[in-house]
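Here is what each chain is made of, one letter per residue.
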Amino acid sequence: MIRFEQTFMDFLLQHQERHNRTYHFLILMEGLINAAKHIQHSYLTGALKGNLGRAGDVNVQGEDVMRMDQIAQEVTIHYLHATGRVIHAISEEAREIVSLNPEGRYFVYFDPLDGSSNVAHGLPVGFLFGIAKRNLAGSEDGHLRAGKDYIAAGMFVIPTGTFTLALKDAGTWRFHIDETMNYVKPFQMVLPEDPKSWELSFNESNRFTFAEKVQNWIAQNERKYAFRYLGALAGDFHRILANGGMFMYPAIVNHPNPKKNRPQGKLRLMYEAAVVAFMCKEAGGEAVDETGSPILGIQPADHHQRTALYVGSKSIVEDIARILRSQCSGA
Ligand code: FBP
């Protein structure tokens, strides 16, 4: 007797019944999975095909574009367009919103290849996405949605191919990829309560550029937890979801070269911070910005808006959020 694992589509069909998700959502997810598999293949063969270098352009963020960033962007837009379900796509790699299907039902916010500093070395990167639904009942109120209005968010860690998806009010689920490149065997991710396995993840070389209160919090707490940093949000958050603890990319406010200060943070709100915040919330965690306010409550003014990010187990994030709020109140 052949043993068949539960596939992603089985999982979504079950979910669809419970949460009246339409087949439109299934088709959109199929498009996102096809894009991720294509990006994964391009990355795995990238060194051989000479695609792991710079493309020679600079993107809207003022960063050097990697050839793989271009490939991932082109692939994702192709598959999203092919679904016929996406009105606008908002991408880290495109200055303007990408209009796809006027009759579409969804807005998709994505970072096609997160962790650019790892690309040239073939190290872990990620494909991050968030989904919001158009207002079918009334007038369309556009793509600038707060994370709390997303209906789903997920990430693929590349090249391992691990896929994690959070569905509104239905939890965060991780899928394995089997020998037939199918996503199977979903298991629910719940952030572990026991601090024994918790980790801290941040760019240590930036420590003395953080706000003094954040530096003091790190000095008082760092010996309690293991320290891990991959340099790719997808990879670092992938670990935090399993082991607990906190990933943070604080505001940079004390850089010796003031031009390098980033008081608004580095990471992008709509397709990086809100994506991991949504997944963390559905796994029982929390995420805040530099003022200690919930990331999911931030109403974006611009689709490339940046934010500081503190995300992970509820009690540790709330512990630093108290400090951040006091910092703002000048207490
Ligand atoms: P990209 O999407 O451009 O790669 O930027 C985001 C990111 O690479 C995150 O994945 C990662 O957490 C962070 O920037 C690393 O920044 P730094 O190299 O400053 O530590």
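Residues numbered from 1 in each chain as written. Predicted model: local features only at pLDDT ≥ 70, side-chain atom pairs only at ≥ 80, totals over all residues. Heavy atoms only, no water.

**Section: the pairing of strand E17 (residues 309-313)**
By the criterion of burial, E17 is predominantly enclosed, with 5 of the 5 residues buried. Where strand E13 (residues 245-249) lies against E17, 4 bridges are found, and the strand directions are antiparallel. If you follow Phe247 over to E17, its bridge partner there is Val311. (Buried < 20%, exposed > 50% of the residue type's maximum accessible area, 1.4 Å probe, protein only. Helix = DSSP H or I, 4+ residues; strand = E, 2+ residues; numbered from the N terminus. Pairing = 2+ DSSP bridges.)

**So, the packing of helix H2 (residues 23-44) against helix H4 (residues 67-83)**
In the contact formed by H2 and H4, the axes pass within 9 Å of each other and the chain directions differ by 155°. By the criterion of interaxial angle, the relationship of H2 to H4 is roughly antiparallel. Seen from above, H2 lies across H4 with right-handed handedness. Together, Ile27, Leu28, Gly31, Leu32, Asn34, Ala35, His38, Ile39, Ser42 and Tyr43 of H2 and Met68, Ile71, Ala72, Val75, Thr76, Tyr79, Leu80 and Thr83 of H4 make up the contact between the two elements. Residues of the contact of H2 with H4, tallied by class, amount to 12 nonpolar, 6 polar and no charged. (Axes fitted to C-alpha atoms, helices over the stretch in contact; angles between N-to-C directions. Parallel < 35°, antiparallel > 145°, perpendicular 65-115°, else oblique. Left-handed = near helix turned anticlockwise from the far one by under 90°. Contact = heavy atoms within 4.5 Å. Nonpolar A, V, L, I, M, F, W, Y, C, P; charged D, E, K, R; others polar.)

**Focus: the site of the ligand**
The local shell around the ligand holds 17 residues, among which Asp114, Ser116, Tyr229, Leu233 and Tyr249 are the closest. Asp111 has a polar side-chain atom sitting 2.9 Å from an oxygen atom of the ligand. At 2.7 Å from an oxygen atom of the ligand is found a main-chain nitrogen or oxygen belonging to Ser116. Contact with the protein chains removes 89% of the 470 Å² of surface that the ligand exposes when unbound. More than half of the atoms of the ligand fall within 2 Å of the grid points belonging to the largest pocket. Contributions of two or more residues to the shell around the ligand are made by strand E5 (106-114), E13 and strand E14 (267-268). Of the residues belonging to the shell around the ligand, the class tally is 6 nonpolar, 4 polar and 7 charged. (Near = heavy atom within 4 Å. Polar contact = N/O pair within 3.5 Å; in protein donor to acceptor, adjacent residues only side chain to side chain. Areas by Shrake-Rupley, 256 points an atom, 1.4 Å probe, with all protein chains shown as cover. 1 Å grid on protein atoms, 1.4 Å probe; cavity = no way out; pocket = protein on both sides within 12 Å on 5 of 7 lines; lining within 4 Å. Sits in = over half its atoms within 2 Å of the grid points.)

**Regarding the pattern of salt bridges**
Per the counting criterion, the structure on display carries 10 salt bridges. Each of the salt bridges in this network shares a partner with another, and the network as a whole consists of Glu92, Arg268 and Glu272. (Salt bridge = Lys/Arg side-chain N within 4 Å of Asp/Glu carboxyl O.)

**Remarks on the nonpolar core**
Considering soluble globular proteins, one finds that nonpolar side chains tend to be buried as a cluster. Core analysis: the biggest nonpolar cluster contains 45 residues, and Phe8, Met29, Ile131 and Phe163 have the highest contact counts within it. Ranked by residue count, the leading element in this core is H2, at 10 residues. Non-local contacts of Phe8, meaning those with residues more than four positions away in its chain, are made with Met29, Ile33, Phe163, Leu165, Phe175 and Tyr183. Membership of the second largest hydrophobic core comes to 39 residues, among which are Phe107, Ala153, Ala274 and Val276. (Core = buried A, V, L, I, M, F, W, Y, C linked by side-chain atoms within 4.5 Å.)

**Description of the layout of surface pockets**
Size it by volume and the largest pocket reaches roughly 500 Å³. In terms of lining residues, the largest pocket is bounded by 24 residues, among which Gly115, Ser116, Ser117, Gly231 and Lys266 are the most central. Where the lining of the largest pocket is concerned, the elements lending two or more residues are strand E2 (64-66), E5, helix H5 (116-119), helix H7 (233-243), E13 and E14. Counting residues per element, the lining of the largest pocket draws most heavily on E5, at 3 residues. (Points joined across faces, edges and corners; volume = space filled by probe spheres on them.)

**What about the sheet that holds E5?**
The strand order across the open sheet formed by 8 strands is E4-E3-E5-E6-E7-E8-E9-E10, and the pairing between neighbours is mixed. Of all the strands in the sheet, the pair left with one neighbour each is strand E4 (98-99) and strand E10 (183-189). In terms of strand pairing, strand E6 (residues 125-133) meets strand E7 (residues 150-158) through 8 bridges, oriented antiparallel. Bridging from a neighbouring strand, Gly126 pairs with Val157 of E7.

**Brief notes about the packing of H7 against helix H8 (residues 269-282)**
At a minimum axis separation of 11 Å, H7 and H8 run at an interaxial angle of 15°. Classified by the angle their axes make, H7 and H8 are roughly parallel. Of the two possible hands of crossing, H7 and H8 adopt the one that is right-handed. Residue-level contacts link Leu233, Phe237 and Leu241 of H7 to Glu272, Val276, Met279 and Cys280 of H8. A per-class count over the contact of H7 with H8 returns 6 nonpolar, no polar and 1 charged.

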